[in-house]
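Spelled out from the first residue to the last, the chains are:
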Amino acid sequence: MKIVVCIKQVPGSNRVKFDPITHNLVREGLAGRMNPFDENAIEAAVRLREQVGGEVILLSMGPDATKETLHDGLAMGADAAYLLSARAFAGSDTLATGYILAQAIRQIGGVDLTLFGRQAVDADTGQVGPIVATELDLPQATFASKIQPLAAGRLAVERDLGAVTQTVQLTLPAVVTVRAEANRPRYESPIAIQQSLHKPLTTWTDQDLTLDASRIGQAGSPTVVRKVFAPTPPTRAAKPLPEDPKAAAKALLDILQAQGLL
Amino acid sequence: MISKEGLWIVAEFEGTRIAPVTLQLLTKARAIAGSRPVAAVLMETPEADGEETLAQYGPDEIIVLQAEGFKDASDRALAAQLTQLIQAHQPNAVLFGATPAGRSLAPRVQDQLATGLTADCLDFYYEENELVQVKPSYGDNVMCEIVCPDRRPQMASVRPNTFAAQKAQGAARIERVPVSLTPDDSCVVQHTALKIAATTSLSGARKIIALGRGANKDAVVAGARQLAEKLGASVGVSRPLTDRPDFTAEQQIGQSGVTVSPDLILNLGVSGAVQYQVGMSGSKLVISANRDPKAPIMAQSDYTWTGDAGALVAALQELL
Ligand SMILES: Cc1cc2nc3c(=O)[nH]c(=O)nc-3n(C[C@H](O)[C@H](O)[C@H](O)COP(=O)(O)OP(=O)(O)OC[C@H]3O[C@@H](n4cnc5c(N)ncnc54)[C@H](O)[C@@H]3O)c2cc1C
Ligand SMILES: Nc1ncnc2c1ncn2[C@@H]1O[C@H](COP(=O)(O)O)[C@@H](O)[C@H]1O
């Protein structure tokens, strides 16, 4: 089975700063790390390869520093990696990102399964997986908590959809987005880290892919972030109840009574 | 005739009933729509009847698509139906619940329409014809205002339990749209299991006693459970308490847990971190007890009590 895993580098911490004018993330001094859900996607891919054979290819779009994250993924057991990096990709929202990733997957060719994390923890959208599936006109199983290979190019996927759990039979090629519940990602052993340095990591720019220029970067991104601000918790009256616990309890119950809550 | 330039809500079922988030969205949509018609889009099997519930929340139109195949339809098949409908009637905006189902369907529709989609909004409002979408990022540490200036429809998914649903008067016009659903053999549902009875889930609770690290003692937890039973309340927790064997993530209130909007929340020993606060800011009456009068939760409360959470629980138990 030829498996592509799309991974994203996200800020190492969620305590982030924004440029007040451009509204862009201030990246300086911020070590990146792999989006945690993408570790689950890689683990799922490596386990499938262990069960049915094949290869695991990582794919990420981002700045040059993303190579570190790709190396981490190779150390987790992936066989090869592609970095999509170009000025023309800057400013891509989920729609443009999904389009570019889909074009790269076409170029890689012969891909049976594309895996994603359930969502990236920076903006928490979870949109890129379904967008890629739509671009490639593939079926999808989102929010997967279990993935089991079946005979004849099929997968059984358990989807945890909140109120319900659904098991679907998916015919490959297909797209799956992976929940943290699916597995526990393995640690990178020193040997695996050593080996990862010799695995192929290829960089593609916009020149290496077949792309419609109006669909990438800012031009291909319908959404505009027009303001970034710190959330201000709404303040309320904060009326103090009497100091003595018994008196406070009595006052509290009186309030509930008055509001019809008893 | 389905109106043009409408504000559409894509209705969702939870089991056999309409999901609460759909009704919450309808209420909010009516409040901001101005002169735009508000429509609910319902994709259902012929034996379901979501129209009756939807009509009680005051949409101007209910657009009904019925087909046997909507039971267990794949995301791809549902997205194709919705895309067709949107292309034919060109609504101004289309909103989804940010539930797993909504989050799976919306981006497929977005891609086919080549328009913008903002995920997991906490608020939205119109400025002229532009829908301003307010969404959190980086673990709710920042908020962003996002717009989609040049393309239509404007699309967003909205976090459940962010708005309160309110019944409204009005006679919804029902528009039935014929459908021909092609079965999608590439994704076939084998089995569906209902996980939790929706009525016992925290997200729908009308009264909640919430316990934080300052209430993390067996005696206090037991006392709070007794109080909850007497008050008819559910028990929720902040994240640190999910490490206890008697609580799970299902009871966690907050950004990475459940969003709640009860009539009453009583916070005991919760500090009020931003990730907790966004999960409960929609509560009607907020009462908080904390040893520290400067704890952030206090400014987010209607009534406060400074002192030991265990002492207040004991005093309440004596009176009830
Ligand atoms: C990405 C991310 C997502 C997160 N998601 C969530 C989430 O969904 N939900 C969530 O809850 N947290 C979440 N957190 C964690 C959050 O930041 C806080 O750490 C957490 O909410 C703190 O819980 P607490 O208020 O119970 O504990 P603390 O912050 O430790 O506060 C305990 C409070 O109890 C008071 N206290 C102590 N003893 C007593 C006593 N005897 N009587 C009365 N008061 C007492 C103290 O004064 C203090 O105010 C998230 C964090 C991150 C980074
Ligand atoms: N720039 C990117 N490069 C590669 N994969 C990505 C990128 N952005 C998002 N993804 C994938 O899409 C998933 C969902 O991301 P998002 O839609 O941004 O929440 C992530 O878990 C990744 O698997």
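Residues numbered from 1 in each chain as written. Chains lettered and ligands numbered in written order. Predicted model: local features only at pLDDT ≥ 70, side-chain atom pairs only at ≥ 80, totals over all residues. Heavy atoms only, no water.

**Some details on the overall build of chain B**
On a plain count of helices and strands, chain B comes out with eight helices and 18 strands. Principal-axis analysis of the C-alpha atoms places the extent of chain B at approximately 65 × 45 × 35 Å. Of the contacts made within chain B by residues no fewer than 6 positions apart, 62% connect residues no fewer than 24 positions apart. Of the accessible surface of chain B, which amounts to about 12,700 Å², a share of 50% is contributed by carbon and sulfur atoms. Side-chain charges in chain B split into 28 positive and 35 negative, and the spacing between the mean points of these groups amounts to 5 Å. (Helix = DSSP H or I, 4+ residues; strand = E, 2+ residues; numbered from the N terminus. Contact = heavy atoms within 4.5 Å. Areas by Shrake-Rupley, 256 points an atom, 1.4 Å probe, with all protein chains shown as cover. Lys, Arg positive; Asp, Glu negative; His and termini not counted. Charge placed at Lys NZ, Arg CZ, Asp CG, Glu CD.)

**Thoughts on the packing of helix 3 (residues 75-89) of chain B against helix 4 (residues 100-113) of chain B**
Residue and element names in this part refer to chain B. In the contact formed by helix 3 and helix 4, the axes pass within 9 Å of each other and the chain directions differ by 50°. Classified by the angle between their axes, helix 3 and helix 4 sit oblique to one another. The chirality of how helix 3 crosses helix 4 is right-handed. For the pair formed by helix 3 and helix 4, the contact residues are Asp-75, Arg-76, Leu-78, Ala-79, Ala-80, Leu-82, Thr-83, Ile-86 and Gln-87 on the first element and Ser-104, Leu-105, Arg-108, Val-109, Gln-112 and Leu-113 on the second. When grouped by side-chain class, the residues that make up the contact of helix 3 with helix 4 number eight nonpolar, four polar and three charged. (Axes fitted to C-alpha atoms, helices over the stretch in contact; angles between N-to-C directions. Parallel < 35°, antiparallel > 145°, perpendicular 65-115°, else oblique. Left-handed = near helix turned anticlockwise from the far one by under 90°. Nonpolar A, V, L, I, M, F, W, Y, C, P; charged D, E, K, R; others polar.)

**Description of the UniProt feature "domain: Electron transfer flavoprotein alpha/beta-subunit N-terminal" (unreviewed entry) in chain B**
Following the UniProt record, one finds the feature "domain: Electron transfer flavoprotein alpha/beta-subunit N-terminal" (unreviewed entry) at residues 6-191 of chain B. Secondary structure across residues 6-191 of chain B comprises 25% helix and 35% strand; the distance between its end C-alpha atoms is 36 Å. (UniProt positions renumbered as here; feature names shortened; annotations may be inferred.)

**A look at the side chain of Ser-283 of chain B**
Along the chain, Ser-283 of chain B turns up in the loop between helix 6 (274-277) and strand 17 (285-290). For Ser-283 of chain B, a relative accessible area of 3% translates into the label buried. Among all residues touching Ser-283 of chain B, those that are not within four sequence positions of it are Arg-236 of chain A together with Val-260, Ser-261, Pro-262 and Ile-265 of chain B. (Buried < 20%, exposed > 50% of the residue type's maximum accessible area, 1.4 Å probe, protein only.)

**Details of unusual backbone geometry**
Of the consecutive residues Leu-172 of chain A and Pro-173 of chain A, the connecting peptide bond is found in the cis state with omega at 0°. With respect to the helices, strands and loops of the structure, Pro-173 of chain A is situated in the loop between strand 9 (164-171) and strand 10 (174-178). A cis amide bond links Arg-152 of chain B to the next residue, Pro-153 of chain B, at an omega of 0°. The topology assignment puts Pro-153 of chain B in the loop between strand 10 (142-147) and strand 11 (154-158). The backbone of Ala-152 of chain A shows a phi angle near 55°, a positive value even though the residue is not glycine. Among the structural elements, Ala-152 of chain A can be located in the loop between strand 7 (140-150) and strand 8 (154-160). On the basis of relative accessibility, which here comes to 71%, the residue Ala-152 of chain A falls in the exposed class. The phi dihedral of Glu-128 of chain B is positive, around 55°, even though this residue is not glycine. In this fold, Glu-128 of chain B is placed in the loop between strand 8 (123-127) and strand 9 (130-137).

**Some details on the environment of Ala-156 of chain A**
Structurally, the position occupied by Ala-156 of chain A is in strand 8. For Ala-156 of chain A and Lys-2 of chain A, which are 154 residues apart along the polypeptide, the C-alpha to C-alpha distance reads 17 Å.

**Topic: helix 8 (residues 309-319) of chain B**
Three or four residues apart is the spacing at which side chains of an α-helix point the same way, because the helix has 3.6 residues per turn. Within helix 8 of chain B, burial applies to Ala-309, Gly-310, Leu-312, Val-313, Ala-315 and Leu-316 of chain B. Packing partners of the buried residues in helix 8 of chain B comprise helix 6 (245-258) of chain A together with helix 5 (218-231), strand 16 (264-268), strand 17 and strand 18 (303-306) of chain B.

**Observations concerning the site of ligand 2**
Residues and elements named next belong to chain A. Surrounding ligand 2, one finds 18 residues, the nearest of these being Cys-6, Asp-38, Ala-120, Thr-125 and Gly-126. Backbone polar atom of Cys-6 to an oxygen atom of ligand 2: 2.6 Å apart, as the coordinates give it. The side chain of Asp-38 places a nitrogen or oxygen atom 2.5 Å from an oxygen atom of ligand 2. Notes on ligand 2: free accessible area 490 Å², of which the protein chains cover 97%. Breaking the shell around ligand 2 down by element, the ones donating at least two residues are strand 4 (55-61), helix 3 (94-108) and strand 6 (113-117). The dominant element in the shell around ligand 2, judged by the number of residues it contributes, is strand 4, at three residues. Broken down by class, the residue content of the shell around ligand 2 amounts to eight nonpolar, eight polar and two charged. (Near = heavy atom within 4 Å. Polar contact = N/O pair within 3.5 Å; in protein donor to acceptor, adjacent residues only side chain to side chain.)

**Examining the sheet that holds strand 17 of chain B**
Reading across from one edge, 13(A)-18(B)-17(B)-16(B)-14(B)-15(B) is the order of the six strands in this open sheet, with parallel pairing throughout. Each edge of the sheet is formed by a strand with only one pairing partner; in this case those strands are strand 13 (239-240) of chain A together with strand 15 (234-237) of chain B. Where strand 16 of chain B meets strand 17 of chain B, five bridges bridge the pair, whose relative direction is parallel. Bridged to Asn-267 of chain B within strand 17 of chain B is Ser-288 of chain B. Here helix 6 of chain A sits on the sheet in contact with strand 16, strand 17 and strand 18 of chain B, set at roughly 170° to strand 17 of chain B. The sheet contacts of helix 5 of chain B involve strand 14 (207-211) and strand 15 of chain B, and relative to strand 14 of chain B the element is tilted by about 175°. (Pairing = 2+ DSSP bridges.)

**Re the sheet that holds strand 10 of chain B**
The strands making up a sheet are joined through hydrogen bonds of the backbone, oriented either antiparallel or parallel. Ordered in space as 12(A)-10(B)-9(B)-8(B), the four strands form an open sheet in which the pairing is antiparallel. Two strands lie at the open edges of the sheet, namely strand 12 (224-229) of chain A together with strand 8 of chain B, each paired on one side alone. When strand polarity is set aside, the average angle formed by the axes of neighbouring strands in this sheet is 25°. Here helix 1 (residues 20-32) of chain B sits on the sheet and contacts strand 8 and strand 9 of chain B; the angle it forms with strand 8 of chain B, its principal contact strand, is near 25°.

**Quick notes on the site of ligand 1**
All names here are of chain B. The environment of ligand 1 is made up of 25 residues, and the closest members are Ser-238, Gln-252, Ser-256, Gln-275 and Asp-308. Here an oxygen atom of ligand 1 and a side-chain polar atom of Ser-238 are 2.5 Å apart. Contact between ligand 1 and Asn-290: an oxygen atom at 2.8 Å from a side-chain N or O atom of the residue. Starting from 980 Å² of accessible surface for ligand 1 in isolation, the protein chains cover 78%. For the shell around ligand 1, the per-class residue count stands at seven nonpolar, 13 polar and five charged.

**Some words on the interface of chain B and chain A**
Of the residues lining the interface, 78 residues belong to chain B; the matching set on chain A comes to 75 residues. In this assembly, chain B packs against chain A so that about 6,500 Å² is buried in total across both faces, 58% of it on carbon and sulfur atoms. Linking chain B with chain A are six salt bridges, by the criterion used here. Between chain B and chain A we count 40 residue pairs in polar contact (both at pLDDT 80 or more) in total. Of the residues in the side of chain B that touches chain A, the class split is 40 nonpolar, 20 polar and 18 charged. Inspection of the sheet shows strand 9 of chain A paired to strand 13 (residues 187-194) of chain B by seven bridges, in the antiparallel sense. Opposite Gln-166 of chain A, over in strand 13 of chain B, you have Thr-192 of chain B as the bridge partner. (Buried area = accessible area lost by both parts, 1.4 Å probe. Salt bridge = Lys/Arg side-chain N within 4 Å of Asp/Glu carboxyl O.)

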